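A structural walkthrough
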Amino acid sequence: MATPRERSLLMSHLLMLLQLLLLLPPLTWSLLPPPPHPAPVHVPALIPRAQTPLVRSRFSARAQLAFTTRCNSSCFHRGEREEQAERLTEKLAFETLYADGSRTLTTVRVEGDEESDGDPRRGGPRAGSRRKRVRRQIYGADGRFNIQGDHFLLDYPFSTAVRISTGCTGVLVSRQHVLTAAHCVHDGKDYVKGARKLRVGFLIPPSINGTHGGLASSKRPLVRWVRVRRTRVPKGWIQGPQEVSMDFDYALLELRWPHRRPFMRLSVTPSSDDLGGNRIHFSGFDSDRSGELVYRFCAVEEESSDLIYQHCDARPGASGSGVYGRVWDNRLERWERKVIGIFSGHQWLEIDGENRDYNVAVRITPLKFAQICYWVHGNRLDCVHD
């Protein structure tokens, strides 16, 4: 029987192998055929209309790292309601918070949205999906992995994960923008106290901080904090019931200065059938592993028009992580890692009288892609196509 030390060394070697496999795309991915019909995704144009000054925020809310909601069948199927298209324009209006505490509300108009925002095929649970009752947030054996060492923390895709000063995680989606969960900066009624001087933290491995020799591996990474210049939150999140606003639990932070790290591009969330391996991945700063970047992956369990239901192990602090997967890129004709969602939290889903327990990520629908892309580029012409 192996000794505790031998078991520890074995686990360390296994983790090292896993990290290497993640950094070096497996040959099998390049050999996988494209989806049967990888049709281009139509992205409507989001056009700003009017900008209205608002009173300054009181910053009275408290950050809620363990975000939990409940949803019944009517909430789950609301993507099929006829009036949703009319209400979406109002929900896609957005609020902007500036570094000096001022804020504005921008209304929008949508052009070219001939099709419904969301696939009606995703309006209900898939046949054959698992229905067993499981514990929230950690499902069975803990499947998370700590990412350690200079060669991994500074390499793609782990380098795209950043800390948010309110206690959450974010993902780099451009040279100056970070995507995170809205509830990390706003509770639906007011901005959280920490949003007044919001910062984004970049991990700095110990060796880069001047630590030498074998001592480097025993020290935790440090964090370099950068102030946020502007924060944008969709109106669909503000002053809405949690069951509805969870669909809009995302926010974009604009840094004061561009960074030099690799970032991950956005994509409209494909159906799980068109997602490489039917798997999603994300890395975050879970609260039970202080100072560590934690990676996990799992299969998609359920889909609605706005949410991804899954059993990826996660704890508070992982909210706002960029959920990514292998997406077929028609232009490059290959599979690419792209951000397809934002990890939100936990939801009890009641379908046909049965409670199911899931961790949940917000889907990037065509309209949400158009909105976030406009926030990043400031030009709707750059956001017509993925």
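For the structure itself, consult the block above.
Owing to the predicted nature of the structure, the values given are computational and were not obtained by experimental measurement.

**A few points about the state of the cysteines**
Under the defined criterion, the tally for this structure stands at two disulfides. With its sulfur 2.2 Å from that of its partner, Cys 168 forms a disulfide with Cys 184. On the sign convention where negative means left-handed, the S-S torsion of about -95 degrees between Cys 168 and Cys 184 marks this disulfide as left-handed. You can see Cys 168 sitting in the loop between strand S6 (161-164) and strand S7 (169-172) and its partner Cys 184 sitting in the loop between strand S8 (177-180) and strand S9 (199-204), a full 16 residues away along the chain. Taken as a pair, Cys 168 and Cys 184 share a single burial class, namely buried. At a sulfur-sulfur separation of 2.0 Å, the disulfide partner of Cys 298 is Cys 312. Linking Cys 298 and Cys 312, the disulfide has an S-S dihedral of approximately -100 degrees and is accordingly described as left-handed. Residue Cys 298 is found in strand S13 (residues 293-303), and its partner Cys 312 is found in the loop between strand S14 (307-310) and strand S15 (322-329); the two are separated by 14 residues along the sequence. The pair Cys 298 / Cys 312 is uniform in exposure class, with both members buried.

**With respect to the environment of Ile 147**
Relative to the assigned elements, Ile 147 resides in strand S5 (residues 145-147). Along the sequence, Ile 147 and Ser 283 sit 136 residues apart, while their C-alpha atoms lie 8.8 Å from each other.

**Observations regarding helix H7 (residues 366-377)**
Compared with the 16 Å implied by 1.5 Å per residue over twelve residues, the 16 Å span of H7 between its first and last C-alpha is a close match. Of all twelve residues making up H7, eleven are buried, and the element is well covered by its neighbours. Directly after H7, the chain includes Gly 378, whose backbone phi takes a positive value near 70 degrees.

**Focus on the nonpolar core**
Of all hydrophobic cores here, the largest spans 75 residues; its most connected members are Val 178, Leu 179, Val 200, Val 233, Tyr 250, Leu 266 and Leu 293. Discounting residues that sit within four places of it in the chain, Tyr 250 has contacts with Leu 92, Thr 180, Ala 181, Ala 182, Val 233, Pro 234, Ile 342, Val 362, Lys 368, Gln 371, Ile 372 and Trp 375. Listed in part, the 14 residues of the second largest apolar core include Leu 275, Val 300, Ile 340 and Ala 361.

**Let's talk about the packing of aromatic side chains**
Going through the model one piece at a time under the given rule, you end up with eleven aromatic pairs. An angle of 45 degrees between the planes, with centres 6.3 Å apart, marks the rings of Phe 59 and Tyr 191 as tilted. Here Tyr 191 lies in the loop between S8 and S9 and Phe 59 lies in the loop between strand S1 (45-54) and strand S2 (68-71), a separation of 132 residues in the sequence. For the pair formed by Phe 59 and Tyr 191, the shared burial category is buried. Here the aromatic residues Phe 94, Phe 248, Tyr 250, Tyr 374 and Trp 375 are joined through ring pairs into a cluster of three or more. Between Arg 224 and the ring centre of Phe 202, over which it is positioned, the NZ or CZ distance is 5.1 Å.

**So, the pattern of salt bridges**
Opposite charge on two side chains lets them pair, provided their charged atoms get close. Under the defined criterion, the tally for this structure stands at ten salt bridges. For Arg 109, the salt bridge is made with Glu 111, and the minimal N-O distance between the two is 2.6 Å. Given the relative accessible area of 35%, Arg 109 is considered partly exposed. Between Arg 363 and Glu 303 there is a salt bridge, with the nearest N and O atoms lying 3.0 Å from each other.

**Details of the pairing of S15**
Burial runs high along S15: eight of the eight residues are buried. In terms of strand pairing, S15 meets strand S16 (residues 334-351) through eight bridges, oriented antiparallel. Of the residues in S16, the one forming a bridge with Val 327 is Glu 336. Linking S15 back to S16 in an antiparallel pair, the connection comprises four residues, with Glu 333 at a positive phi of about 55 degrees.

**A word on unusual backbone geometry**
The peptide bond linking Tyr 156 to Pro 157 adopts the cis configuration, its omega dihedral lying at 10 degrees. Here Pro 157 lies in the loop between helix H5 (150-153) and S6. The backbone of Phe 59 sits at a positive phi, close to 50 degrees, despite the residue not being glycine. Among the residues examined, Phe 59 registers a relative accessible area of 7% and is labelled buried. Unlike most non-glycine residues, Asn 278 shows phi in positive territory, near 55 degrees. Turning to its location among the elements, Asn 278 is positioned in the loop between strand S11 (251-255) and strand S12 (279-284). Owing to a relative accessible area of 26%, Asn 278 belongs among the partly exposed residues under this scheme.

**Notes on the pairing of S7**
Across the two faces of S7 the burial is the same, with Thr 169 and Val 171 and Gly 170 and Leu 172 all buried. In this structure, the hairpin formed by S6 and S7 is closed by a connection of four residues, where Gly 167 is found at a positive phi of approximately 110 degrees. Between the antiparallel neighbours S7 and S8 lie four residues.

**Things to note about the environment of Phe 94**
Along the polypeptide, Phe 94 turns up in strand S3 (residues 94-98). The spatial distance from the C-alpha of Phe 94 to the C-alpha of Val 233 is 5.6 Å, given a sequence separation of 139 residues. Here Phe 94 is in contact with Thr 104, Leu 105, Thr 106, Val 108, Arg 232, Val 233, Pro 234, Lys 235, Gln 371, Tyr 374 and Trp 375, once residues within four sequence places are set aside.

Criteria and thresholds
- Residues numbered from 1 in each chain as written.
- Predicted model: local features only at pLDDT ≥ 70, side-chain atom pairs only at ≥ 80, totals over all residues.
- Heavy atoms only, no water.
- Disulfide = S-S within 2.5 Å.
- Helix = DSSP H or I, 4+ residues; strand = E, 2+ residues; numbered from the N terminus.
- Buried < 20%, exposed > 50% of the residue type's maximum accessible area, 1.4 Å probe, protein only.
- Expected span 1.5 Å × (residues − 1).
- Core = buried A, V, L, I, M, F, W, Y, C linked by side-chain atoms within 4.5 Å.
- Contact = heavy atoms within 4.5 Å.
- Phe/Tyr/Trp six-rings, centres within 6.5 Å; stacked < 30°, edge-to-face > 60°.
- Lys NZ or Arg CZ within 6 Å of the ring centre and 35° of its normal.
- Salt bridge = Lys/Arg side-chain N within 4 Å of Asp/Glu carboxyl O.
- Pairing = 2+ DSSP bridges.

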